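# A structural walkthrough
Below are the chains, spelled out letter by letter.
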Amino acid sequence: MSEKIRVVLVDDHQLVRMGFKLILESEPDIVVVGEATDGREAVSVVGELRPDLVCMDVQMPVLDGIAATREIMQLEGAAPRVLMLTTFRDEAAVRDSLRAGASGFVLKNSPPETLVEAVRVVHSGDALLDPQVTRGVIAGMLNDIPEAAPPQVNDALQTEVTAPTAAVHPALANLTDREGEVLALIAEGLSNADIAARLFVSEATVKTHVSNLLAKIGVRDRIHAVIFAYNVGVVAPVE
């Protein structure tokens, strides 16, 4: 069996953490290696244990989940992927979570199998949000930018979405034509299977292209590749 996904649970309610731990540790490929009761403790625990993934509550005392995620992304070394947990649907929270560096967003009242699948999806680097939700949220992130603000593009994406620029981003020049196609299709919300069917190639080939392009554009997962694509004008924001 391959190595287990090492998870840290962050929530200020002990019963919630206990419930999530029971759900996750019932799976053969997931292990909970640590817990934290607030965002400040989460930063410390993550820095010490270096998990693969953090299940992070959004609303907590001392330091909320979004601020904690932002600090975790700034820790030295490879940062874990972060799955945000909340009790309500809030586009603003989704946008702020993505800006902070989170890779997914799931409701706490989702069925147990949804939480388990979310952990696996986020750990694998795939996008978690439904394509329509993803496009709407990112469009909102772009619309939040004042019209007078000049376009800004970072060499390595810093999860803050900026207005698309007409200039060619240096990272795009490093992509092959096929990788550019795959990036655009990811931004449209297509899965690897959908992309494979569209391009008449195998799903394994698509996975290789995705892995290569993520490394070249300097992002860590598909959802931030979508943000990057909007950011540099590969795809246009939803009207």
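Bear in mind that the values here come from a model prediction, so they are computed numbers and not experimental data. (Residues numbered from 1 in each chain as written. Predicted model: local features only at pLDDT ≥ 70, side-chain atom pairs only at ≥ 80, totals over all residues. Heavy atoms only, no water.)

## Focus: the overall build of the protein chain
On a plain count of helices and strands, the protein chain comes out with eleven helices and five strands. The buried share of the protein chain, taken over its 239 residues, is 47%. The long-range fraction of contacts in the protein chain, counting pairs at least 24 apart against all pairs at least 6 apart in sequence, stands at 65%. Element-wise, carbon and sulfur atoms account for 52% of the exposed surface of the protein chain, whose accessible area totals about 11300 Å². (Helix = DSSP H or I, 4+ residues; strand = E, 2+ residues; numbered from the N terminus. Buried < 20%, exposed > 50% of the residue type's maximum accessible area, 1.4 Å probe, protein only. Contact = heavy atoms within 4.5 Å. Areas by Shrake-Rupley, 256 points an atom, 1.4 Å probe, with all protein chains shown as cover.)

## Here we look at the environment of Ala-215
Mapped onto the fold, Ala-215 is located in helix H10 (residues 203–217). A relative accessible area of 61% places Ala-215 in the exposed class.

## Topic: the packing of helix H9 (residues 192–199) against H10
Working note: a packed helix pair is described by the angle between its axes plus the distance between those axes. Running from N to C, H9 and H10 cross one another at 110°; their axes reach a closest spacing of 8 Å. Classified by the interaxial angle, the pair formed by H9 and H10 is roughly perpendicular. Of the residues in H10, those in contact with Asn-192, Ala-193, Ile-195 and Ala-196 of H9 are Glu-203, Val-206, Lys-207 and Val-210. (Axes fitted to C-alpha atoms, helices over the stretch in contact; angles between N-to-C directions. Parallel < 35°, antiparallel > 145°, perpendicular 65-115°, else oblique.)

## Overview of unusual backbone geometry
Glycine aside, residues mostly have negative phi angles, and peptide bonds mostly take the trans form. Phi is positive for Val-62, close to 70°, though the residue is something other than glycine. For Val-62, the location among the structural elements is in the loop between strand S3 (53–57) and helix H3 (65–73). In this model, Phe-200 sits at a positive phi of 60°, which is unusual for a non-glycine residue. Its place among the elements puts Phe-200 in the loop between H9 and H10.

## Examining H9
Side chains that are three or four residues apart share a direction in an α-helix, a result of its 3.6 residues per turn. Asn-192, Ile-195, Ala-196 and Leu-199 are the residues of H9 that are buried. Mapping the buried residues of H9 onto a view down its axis gives an arc of 100°, with all of them on the same face. Elements in contact with the buried residues of H9: helix H8 (177–187), H10 and helix H11 (222–231). (Arc of directions from axis to C-beta.)

## Some points on the side chain of Arg-81
Topologically, Arg-81 is positioned in strand S4 (residues 81–86). Among the polar contacts listed, one links the side chain of Arg-81 to the backbone oxygen of Val-122, at a separation of 3.4 Å. When residues no more than four places from it in sequence are discounted, the contact partners of Arg-81 are Asp-52, Leu-53, Val-54, Ser-103, Val-122, His-123, Gly-125, Arg-220 and Asp-221. (Polar contact = N/O pair within 3.5 Å; in protein donor to acceptor, adjacent residues only side chain to side chain.)

## Notes on the sheet that holds S3
Within the open sheet, the five strands sit side by side as S2-S1-S3-S4-S5. Their pairing is parallel. At either margin of the open sheet sits one strand with a lone partner, and together these are strand S2 (30–36) and strand S5 (104–107). With strand direction ignored, the average angle separating the axes of adjacent strands in the sheet is 25°. Strand direction decides the pairing type here: S3 and S4, joined by five bridges, are parallel. What sits directly across from Val-54, in S4, is Val-82. Strands strand S1 (5–10), S2, S3, S4 and S5 of the sheet are contacted by helix H5 (residues 112–124), whose axis makes an angle of about 150° with S4. (Pairing = 2+ DSSP bridges.)

## Structural notes on the environment of His-169
Relative to the elements of secondary structure, His-169 occurs in the loop between helix H6 (131–143) and helix H7 (170–173). For the pair His-169 and Ile-217, spaced 48 residues apart in the sequence, the C-alpha separation amounts to 9.2 Å.

## What to know about the side chain of Asn-192
Relative to the assigned elements, Asn-192 resides in helix H9. Aside from chain neighbours lying at most four places away, what touches Asn-192 is Glu-203, Val-206, Lys-207, Val-210 and Arg-222.

## Let's talk about the nonpolar core
Counting residues in hydrophobic clusters, the biggest one holds 26 residues, and the most contacted among them are Val-10, Val-54, Met-56, Val-82, Met-84 and Phe-105. Among the secondary structure elements, those contributing two or more residues to this core are S1, helix H2 (39–49), S3, H3, S4, helix H4 (91–100) and H11. (Core = buried A, V, L, I, M, F, W, Y, C linked by side-chain atoms within 4.5 Å.)

## Here's the deal with H8
Within H8, the full set of buried residues consists of Glu-179, Val-182, Leu-183, Ala-184, Leu-185, Ile-186 and Ala-187. Immediately beyond the C-terminal end of H8, within one or two residues, lies Gly-189, with a positive phi of roughly 95°.

## Section: the environment of Ala-118
Tracing the backbone shows Ala-118 in helix H5. For Ala-118 and Val-106, which are twelve residues apart along the polypeptide, the C-alpha to C-alpha distance reads 7.3 Å.

## Section: the pairing of S1
For S1, the tally of buried residues reaches five of six residues, placing the bulk of the element in the interior. Note: S1 against S2, six bridges, orientation parallel. Within S2, the position partnered with Ile-5 by the bridge is Ile-30. Considered for its hand, the β-α-β crossover made up of S1, helix H1 (residues 14–25) and S2 is right-handed. (Right-handed = clockwise from strand over helix to strand, strands pointing away.)

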